Amino acid sequence: MQNWLAQLRKGYGKKLAKLHSVNGWIVVILTLTGLVLFQGLWRGILGEGRVIIRYVHIVVGIASLLPVVFYLALAAKHWKQLKGKAWQKANVIIVLGLLVGWLLSGVLLWQFKAVGPAWSSTALTIHDLLTWIGLPYIIYHSVTRLKWLKEPHRRTIKTGQQGEGVHPAARPEAVMSRRSFIRVTVGAGIAIAIGPSFLKWLGNQASPGANLEEIIESDANSLIPAPQPLPASSPPIGGGSRGSFRIYTVTPIPEFDNSTFSFIVDGLVEKRLQWNWEQFVALKREVQVSDFHCVTGWSVLGNTWEGIKLKDFLKMAGVKPSAKTVKLYSGDGVYTDSLTLEQADMDDVMVAVLHDGKPIPSDLGGPVRLIVPKMYAYKSVKWLNRIELIDGNHTGYWEERGYDIDAWV
Ligand SMILES: Nc1nc2c(c(=O)[nH]1)N[C@H]1C(S)=C(S)[C@@H](COP(=O)(O)O)O[C@H]1N2
Ligand SMILES: [Mo]
């Protein structure tokens, strides 16, 4: 051990520089892959690529432990060297804190099945928060230290061009002011680029209710008449949902009106069924309260959903003995998923029309979405418009792209 440490400390300066650059590249990879995973926009574009990117993010994230451990071996010496340089010491602590925080919360997210939704949602909030703090910090740190900013002849371009006319004594001042000008510009640039998304994220955390209201206000569907909530829905017996939905879609968000909406049950059934909106909204509905969990770590708890049980649709249509699987289609024309007959028979699997007493807005899969509370939400098909009974298996959109077939929470 002693030998190993001594060995490591040889060529100390070079090692530290190497460590810094390896760590820098790790951060770049994690930033790029992390941003892609965070941005809902990339879901549809990348498809299967998203699962690979998630894998890279996890592997590189775990590998980021190595530079931390190597650094700790060199830390004592480095610390002595930083004597009196408070800012540089602070920088080291901030970067180490970020890396360790990201790593720990990341491991919880990676192991979401083992730790359960309560832990993974806390971990996701911490992972996001560290990113909102750490990303601007690291960008600032890197940009203000770029070589071309540090080279004296570049830094002093203005004073240099003015040539002999400038009193030498004026130069250091000019250098300083240019330097702080760059820092302020970089800082402002980062704030402008990242600020709005950060404030939005912060707002969602602080008041998910206001966020939901905004989503409802921007509902692009126009279906008449609006579904009237049952007494259990309004006010919602669940007391109102807690947490905020992240809007996920793999296509542009579809919109529906009375002329484009239809709901079909077909395939291996005794009687094919089809409704238009006026007929569909007249179906007798029920109310349930349940939690909603996404595999990526976020949850919305205590949702009061109002709709029709999936098994009631199956009863109405009459399932033929040869049917094995319930295939579920989204009105976006792309997304599908499936349940076995046994799973579809669960009491809380619901074709939902209202959430907390209000029509489900287009962003959240309205006018009609599926809810499978006991499974991860990729089973909860948005814009549900067709239920087909089939005799084989069907691999859903995300399962096809690497998600676990076993979606049980
Ligand atoms: N049609 C469709 N349904 C979908 C998805 C989708 O991209 N398209 N994403 C699924 C996933 S992974 C989740 S977590 C939830 C998200 O629901 P929300 O966008 O209402 O928050 O919808 C599920 N159903
Ligand atoms: Mo999800």
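Residues numbered from 1 in each chain as written. Chains lettered and ligands numbered in written order. Predicted model: local features only at pLDDT ≥ 70, side-chain atom pairs only at ≥ 80, totals over all residues. Heavy atoms only, no water.

By the naming in an unreviewed UniProt entry, the chain goes by Molybdopterin-dependent oxidoreductase and is assigned to Paenibacillus lignilyticus.

Strand 4 (residues 299-309) sits mainly inside the fold: ten of its eleven residues count as buried. The loop that links strand 3 (residues 286-293) with its antiparallel partner strand 4 comprises five residues; one of these, G297, has a positive phi angle of about 120°. For strand 4 and strand 7 (residues 350-355), the ladder comprises five bridges, and the chain directions are antiparallel. In the strand pairing of strand 7, K309 is matched with M350. (Buried < 20%, exposed > 50% of the residue type's maximum accessible area, 1.4 Å probe, protein only. Helix = DSSP H or I, 4+ residues; strand = E, 2+ residues; numbered from the N terminus. Pairing = 2+ DSSP bridges.)

Attention shifts here to the UniProt feature "domain: Oxidoreductase molybdopterin-binding" (unreviewed entry) in the chain. According to UniProt, the feature "domain: Oxidoreductase molybdopterin-binding" (unreviewed entry) maps to residues 252-398 in the numbering used here. Secondary structure content for residues 252-398 is 13% helix and 38% strand, while the C-alpha to C-alpha distance between its ends is 17 Å. (UniProt positions renumbered as here; feature names shortened; annotations may be inferred.)

What follows is about the pairing of strand 7. Summarising burial for strand 7: six of the six residues are buried, a large majority. Across two bridges, strand 7 lies against strand 8 (residues 358-359) in antiparallel orientation. Residue L354 lies in a different strand from strand 8, and its bridge partner there is P359. Connecting the antiparallel pair strand 7 and strand 8 is a turn made up of two residues, with D356 showing a positive phi of about 50°.

Okay, the domain arrangement of the chain next. Segmentation of the chain into domains returns domain 1 (2-206) and domain 2 (223-400). On a C-alpha basis, the centroid separation for the pair domain 1 and domain 2 is 43 Å. Taken together, the contacts link 16 residues of domain 1 with 14 residues of domain 2. For the pair domain 1 and domain 2, the summed buried area comes to about 1,300 Å², and 56% of that belongs to carbon and sulfur atoms. Summed over the shared surface of domain 1 and domain 2, the number is one salt bridge. Its salt-bridge partner being R246, residue D128 comes within 2.8 Å of it at the nearest N-O pair. (Domains from an automatic or database assignment. Contact = heavy atoms within 4.5 Å. Buried area = accessible area lost by both parts, 1.4 Å probe. Salt bridge = Lys/Arg side-chain N within 4 Å of Asp/Glu carboxyl O.)

Around ligand 1 sit 21 residues in total, of which R246, Y248, R369, S380 and K382 are the nearest. Between ligand 1 and the protein, one listed contact pairs an oxygen atom with a backbone N or O atom of V250 at 3.4 Å. Note that a nitrogen atom of ligand 1 is positioned 3.1 Å from one of the side-chain N or O atoms of D332. In isolation ligand 1 exposes 530 Å². Once the protein is present, 100% of that is buried. (Near = heavy atom within 4 Å. Polar contact = N/O pair within 3.5 Å; in protein donor to acceptor, adjacent residues only side chain to side chain. Areas by Shrake-Rupley, 256 points an atom, 1.4 Å probe, with all protein chains shown as cover.)

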